[in-house]
Amino acid sequence: MNVTVFRHERDAAVALADELLAALARRPALVLGLPTGRTPVTLYRRLVELHAQGRADFSQVTTFNLDEFLGLPADHPGSYRAYMTRHLFAPAGIAPAQVHFLDGMASDPEAECARFEATIAAAGGIDLMVLGIGANGHIGFNEPGAGLSARSHRVVLKAQTRRANAAFFGNDPARVPGEALSMGMATILQARRLVLLAMGRGKGRAVERMVNGPVTPRLPASFLQLHEDVEVMLDEAAAERLTRAQS
Ligand code: GLP
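Residues numbered from 1 in each chain as written. Predicted model: local features only at pLDDT ≥ 70, side-chain atom pairs only at ≥ 80, totals over all residues. Heavy atoms only, no water.

Visitor: Residues and numbers for the layout of surface pockets, please.
Guide: Reported here for the largest pocket is a volume of approximately 500 Å³. Every residue lining the largest pocket is counted, 28 residues in all, and those nearest its centre are Thr36, Gly37, Arg38, Ile133 and His138. Secondary-structure elements contributing two or more residues to the lining of the largest pocket are α3 (80–89) and α5 (159–164). (1 Å grid on protein atoms, 1.4 Å probe; cavity = no way out; pocket = protein on both sides within 12 Å on 5 of 7 lines; lining within 4 Å. Points joined across faces, edges and corners; volume = space filled by probe spheres on them. Helix = DSSP H or I, 4+ residues; strand = E, 2+ residues; numbered from the N terminus.)

Visitor: Give a description of the pairing of strand β8 (residues 179–182) that names residues and reports values.
Guide: With three bridges joining them, strand β4 (residues 67–69) and β8 adopt antiparallel strand pairing. Across the sheet, the residue bridging to Asp67 is Ser182, located in β8. As judged from the four bridges shared by strand β7 (residues 153–156) and β8, these two strands associate in the antiparallel manner. Each residue of the ladder has a partner; that of Val155, found in β8, is Ala180. (Pairing = 2+ DSSP bridges.)

Visitor: So what's going on with the packing of helix α2 (residues 41–52) against α3? Which residues, and what values?
Guide: Relative orientation of the contacting elements α2 and α3 amounts to 45°, with a least axis distance of 9 Å. Put simply, α2 runs oblique to α3. Two secondary-structure elements touch here, α2 through Val41, Tyr44, Leu47 and Val48 and α3 through Tyr83, Met84, His87 and Leu88. Looking at side-chain class alone, the contact of α2 with α3 contains seven nonpolar, one polar and no charged residues. (Axes fitted to C-alpha atoms, helices over the stretch in contact; angles between N-to-C directions. Parallel < 35°, antiparallel > 145°, perpendicular 65-115°, else oblique. Contact = heavy atoms within 4.5 Å. Nonpolar A, V, L, I, M, F, W, Y, C, P; charged D, E, K, R; others polar.)

Visitor: Quick one: what's the story with the packing of aromatic side chains, residue by residue and with numbers?
Guide: Under the definition given, this model contains eight aromatic pairs. Consider the rings of Phe69 and Tyr80, whose centres lie 4.8 Å apart with planes at 50°: the pair is tilted. Remark: Tyr80 occurs in helix α3 and Phe69 occurs in strand β4; sequence separation between them is eleven residues. Between Phe69 and Phe141, the aromatic rings sit 5.5 Å apart at their centres with planes inclined by 50°, giving tilted as the arrangement. With Phe69 in strand β4 and Phe141 in the loop between β6 (128–131) and β7, the pair connects residues that are 72 residues apart, well separated along the chain. Residue Phe69 shares its accessibility class with Phe141, and that shared class is buried. Among the aromatic residues, those joined into a cluster by ring pairs are Phe69, Tyr80, Phe141 and Phe169. (Phe/Tyr/Trp six-rings, centres within 6.5 Å; stacked < 30°, edge-to-face > 60°. Buried < 20%, exposed > 50% of the residue type's maximum accessible area, 1.4 Å probe, protein only.)

Visitor: Got a sec to walk through the environment of Asn2? Specific residues and values, please.
Guide: Mapped onto the elements, Asn2 comes out in strand β1 (residues 2–6). Overall, Asn2 belongs to the partly exposed group, its relative accessible area being 42%. Along the chain, Asn2 and Ala12 lie ten residues apart, while their C-alpha atoms are 14 Å from each other. Setting aside anything within four residues of it in sequence, one finds Asn2 in contact with Val230, Glu231 and Val232. At a separation of 2.8 Å, a polar atom in the side chain of Asn2 contacts the side chain of Glu231. (Polar contact = N/O pair within 3.5 Å; in protein donor to acceptor, adjacent residues only side chain to side chain.)

Visitor: Explain the site of the ligand residue by residue, including any values.
Guide: Around the ligand, the surrounding shell holds 14 residues, and the nearest of these are Arg38, Thr39, Asp67, Asn165 and Lys203. The protein chains hide 90% of the 390 Å² of surface that the ligand would expose on its own. The pocket occupied by the ligand, as judged from atoms lying within 2 Å of grid points, is the largest pocket. (Near = heavy atom within 4 Å. Areas by Shrake-Rupley, 256 points an atom, 1.4 Å probe, with all protein chains shown as cover. Sits in = over half its atoms within 2 Å of the grid points.)

Visitor: Could you give me a rundown of the sheet that holds β6, with the residues and numbers involved?
Guide: In space, the seven strands of this open sheet follow the order β1-β10-β9-β6-β2-β3-β5, with parallel pairing throughout. The open sheet has two edge strands, β1 and β5 (99–100), and neither has a second partner. As paired elements, strand β9 (residues 193–198) and strand β10 (residues 230–235) share five bridges and run parallel to each other. Counterpart to Leu194 in the pairing with β10 is Val230. The strands touched by helix α4 (residues 109–122) are β3 (62–65) and β5; relative to β3, the strand with the most contacts, the crossing angle is about 150°.

Visitor: So what's going on with the nonpolar core? Which residues, and what values?
Guide: The biggest cluster of nonpolar side chains holds 45 residues, and the ones touching the most others in it are Leu43 and Leu88. For this core, the elements supplying multiple residues, two or more each, are α1 (9–26), β2 (31–34), α2, α3, β6 and β9. Sort the elements by how many residues they give to this core and α1 lands first, with eight residues. Setting aside anything within four residues of it in sequence, one finds Leu88 in contact with Leu34, Tyr44, Leu47, Val48 and Ile94. In this structure, Val31, Leu70, Met129 and Met183 belong to the second largest nonpolar core, which totals 35 residues. (Core = buried A, V, L, I, M, F, W, Y, C linked by side-chain atoms within 4.5 Å.)

Visitor: Before we move on, can you summarise α1 with the specific residues and values?
Guide: An α-helical turn contains 3.6 residues, so a residue and the one three or four places further along point in the same direction. Taking 1.5 Å of rise per residue, 18 residues should cover 26 Å, and α1 covers 26 Å from first to last C-alpha, within 8% of that figure. Here α1 has its buried residues at Ala12, Ala13, Leu16, Ala17, Leu20, Leu21, Ala23 and Leu24. On its buried side, α1 packs onto β1, β2, α2, β6, β9 and β10. (Expected span 1.5 Å × (residues − 1).)

Rendered as structure tokens:
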């Protein structure tokens, strides 16, 4: 894993947006994997800025989002689709036909997961996968446990994860759906390049275990150690334990 520590969150967003711009210049029909959460908001803001300046053309990209809540209609303000439309797709001119989600309203979630996997394969796989990390080391909604599901699957969310997502549901964890659909860890690891963003002290312990700890389903992010092309972008607070462990 290549780890880069930035002074401020915005510096990491600018660096990753520049990398995306360079990748788009090489391959306008880039296939992107995208996360939600608080962390990527700064990145999306920067991409929207670049688009407004005429420096980023997303007209040929295809996107796959990592996860979605189960039982929420696409237009529910708490859905990840609504989040993506608000923060990136609408202001950056990315049309609905270019974007792919696990459908949280699918009547047959297992079939929906298989459909999503097939769509990724048909797109030729994911070129660049942007990731966040949960404070408990989850990636997407791959929660810590005794084992991991390789492919996209249905998940029961941990109480901690529901609390972390409460901001989208009137700050009430009880209103956060109890289940979700998530891209599987093996699917994520098949992306050609992974870039993980982690900001703030609250992520420090998970980041340290992800980089230095054993590969274990108890910390799903540790599986990223198995990938050959991973960039970890941190701010100083998220890197604090790492720096301490290394010195
Ligand atoms: C959420 C999402 C993840 C995200 C993570 C961190 O539950 N399912 O995809 O990376 O938790 O979120 P945040 O960036 O808000 O800390």
